[in-house]
Amino acid sequence: MTAKIIDGKALSHKLRQDFKREADELRLRGINPGLAVILVGDNPASRVYVGNKVRACEECGVHSSSHVLPVDTSEAELLQLIAKLNADDTVHGILVQLPMPAHIDVRRVLEAIDVDKDVDGFHLYNVGALATGNTIFPPCTPYGVQLLLETTGIDVAGQNAVIVGASNIVGKPMALMLLQKEATVTVCHAKTRDLAQHTILADILIVAAGKPGLIVPQMVRRGAVVIDVGINRLPDGRIVGDVDFEGVKKKASWITPVPGGVGPMTVTMLIKNTLSSAHRRGGEGAGIGSMGWDAPTVQGH
Ligand code: NAD
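Because the structure is predicted, anything quoted here is derived from the model rather than measured.

Cut-off values and rules
Residues numbered from 1 in each chain as written. Predicted model: local features only at pLDDT ≥ 70, side-chain atom pairs only at ≥ 80, totals over all residues. Heavy atoms only, no water. Helix = DSSP H or I, 4+ residues; strand = E, 2+ residues; numbered from the N terminus. Buried < 20%, exposed > 50% of the residue type's maximum accessible area, 1.4 Å probe, protein only. Contact = heavy atoms within 4.5 Å. Areas by Shrake-Rupley, 256 points an atom, 1.4 Å probe, with all protein chains shown as cover. Lys, Arg positive; Asp, Glu negative; His and termini not counted. Charge placed at Lys NZ, Arg CZ, Asp CG, Glu CD. Axes fitted to C-alpha atoms, helices over the stretch in contact; angles between N-to-C directions. Parallel < 35°, antiparallel > 145°, perpendicular 65-115°, else oblique. Nonpolar A, V, L, I, M, F, W, Y, C, P; charged D, E, K, R; others polar. 1 Å grid on protein atoms, 1.4 Å probe; cavity = no way out; pocket = protein on both sides within 12 Å on 5 of 7 lines; lining within 4 Å. Points joined across faces, edges and corners; volume = space filled by probe spheres on them. Domains from an automatic or database assignment. Patch = residues over 30% accessible without salt bridge, like charges linked within 9 Å, V, L, I, M, F, W, Y side chains within 5 Å. Salt bridge = Lys/Arg side-chain N within 4 Å of Asp/Glu carboxyl O. Buried area = accessible area lost by both parts, 1.4 Å probe.

Observations regarding the overall build of the chain
Inference 1: Counting its regular elements, the chain contains 10 helices and 11 strands.
Inference 2: By the burial criterion, 50% of the 301 residues in the chain qualify as buried.
Inference 3: For the chain, contacts bridging at least 24 residues in sequence account for 71% of all contacts bridging at least 6.
Inference 4: Roughly 13500 Å² of accessible area belongs to the chain as shown, and the carbon and sulfur atoms make up 56% of that amount.
Inference 5: Separation between the mean location of the 30 positive side-chain charges and that of the 31 negative ones in the chain comes to 5 Å.

Structural data, given as structure tokens:
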């Protein structure tokens, strides 16, 4: 068996064309969708991510403003900027690029963002909404994975979904989304004993650990769908995921490449959330749970 490739780059391209039309339609109605991106410090990877986000905005006709602040910016100054952007009607989404310098309390910063502009979905309110299946802004990376899974045509309900990685930005929200879609979800992390005994049961295996080569073919069930969220730069400069792609693609039914799988989708879903926010501002679907990802309720929950 050779797995079919889930092409995140192609899906992302198609979605961005749709989003451009959506942004044009919004403008015709007098709403110019806008995203503000804040970067504190000069982390090179963060600069690349911010650049990608600004470019994606341009591609989709979404107005963007970048606020690049020096590394010694105080928390108070940052909170002031967020308050200004919260009050600015031309801004529909606010994103603070993580990680932040150590002297800044990330939680306090994320909680300062207006929940209606929290397009990353990291505010506690939106995290809680996700847990109860009423999300407005699904976090971008798991949201992208969700759409990639949909392209396989596989119904997630009743499937064994195993997630490797339990971070707040990928593993945990991914688990909540798949539970909402009625999958049977297992979450593994660095303290999990015998990882393979869990991964081998996966119909859907999602890996977000940041460890190149973590998942080898012996850990994968024949016919599984494998989504590799990992992005790792090897000493020779190559970018790879967490999955041994060449080996695992011989056992999986579907697999995402790295690069070209989840990565482009993450940025694309940020645009989707910004447009959702602009629609909400336009009076459509105002109210929690009425926009964004349509989350069905799990029976009995
Ligand atoms: P993180 O470091 O915050 O969390 C990693 C998680 O993996 C933790 O829960 C940890 O316990 C678990 N883990 C680590 N080693 C493990 C092991 N040997 N076995 C099982 N679990 C293990 O990382 P993160 O921010 O969630 O990112 C994870 C990876 O995904 C990174 O490579 C990151 O670059 C990538 N990422 C990609 C995108 C994208 O758009 N494609 C977005 C976010 C993160």
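Picking up where we left off.
Considerations on the packing of helix α6 (residues 140-151) against helix α10 (residues 262-281)
Inference 1: As a packed pair, α6 and α10 sit with axes 8 Å apart at the nearest point and diverge in direction by 110°. Here α10 runs roughly perpendicular to α6, going by the angle between their axes. The segment α6 lies against α10, with Cys 140, Thr 141, Tyr 143, Gly 144, Val 145, Leu 147 and Leu 148 engaging Val 262, Met 265, Thr 266, Met 269, Leu 270, Lys 272 and Asn 273.
Inference 2: Split into classes, the residues belonging to the contact of α6 with α10 amount to nine nonpolar, four polar and one charged.

What to know about the layout of surface pockets
Gaps between atoms show up when a probe of the same size as a water molecule is rolled over them.
Inference 1: Of the voids in this model, the largest pocket is the one considered here, and its volume is about 1300 Å³.
Inference 2: Along the wall of the largest pocket there are 44 residues; nearest its centre are Tyr 49, Thr 141, Ile 231, Gly 263 and Thr 266.
Inference 3: At the level of elements, α2 (44-60), β4 (93-96), α6, β9 (232-233) and α10 are the ones that each hand at least two residues to the lining of the largest pocket.
Inference 4: In terms of residue count, the dominant contributor to the lining of the largest pocket is α2 (nine residues).
Inference 5: Of the residues in the lining of the largest pocket, the class split is 24 nonpolar, 13 polar and seven charged.
Inference 6: Two domains share the lining of the largest pocket, each providing at least three of its residues, namely domain 1 (26-118 + 267-281) and domain 2 (140-262).
Inference 7: By volume, the second largest pocket is sized at about 210 Å³.
Inference 8: As for the second largest pocket, its lining consists of 14 residues, of which Arg 107, Phe 122, Val 127, Asn 168 and Ile 169 are closest to the centre.
Inference 9: When the residues that make up the lining of the second largest pocket are grouped by side-chain class, the tally is nine nonpolar, three polar and two charged.
Inference 10: Residue assignment places the lining of the second largest pocket across two domains, with domain 1 (26-118 + 267-281) and domain 2 (140-262) each supplying three or more.

A short note on a nonpolar patch on the surface
Inference 1: A surface patch of nonpolar side chains, about 280 Å² in accessible area, is lined by Val 48, Tyr 49 and Ile 231.
Inference 2: As for its placement among the helices and strands, Ile 231 is situated in the loop between β8 (225-228) and β9.
Inference 3: Judged by relative accessible area, which is 49%, Ile 231 ranks as partly exposed.

Let's talk about the domain arrangement of the chain
Inference 1: Parsing the chain into structural domains produces domain 1 (26-118 + 267-281) and domain 2 (140-262).
Inference 2: Listed by partner, the interface residues are four residues for domain 1 and four residues for domain 2.
Inference 3: Note on domain 1 versus domain 2: buried area summed over both sides is about 480 Å², and carbon and sulfur give 74% of it.
Inference 4: Together, Tyr 49, Met 269 and Asn 273 form the three largest contributors to the area buried by domain 1 at its contact with domain 2, with a combined 69%.
Inference 5: Our count for the contact surface shared by domain 1 and domain 2 stands at zero salt bridges.
Inference 6: Looking at the side of domain 1 that touches domain 2, its residues break down into two nonpolar, one polar and one charged.

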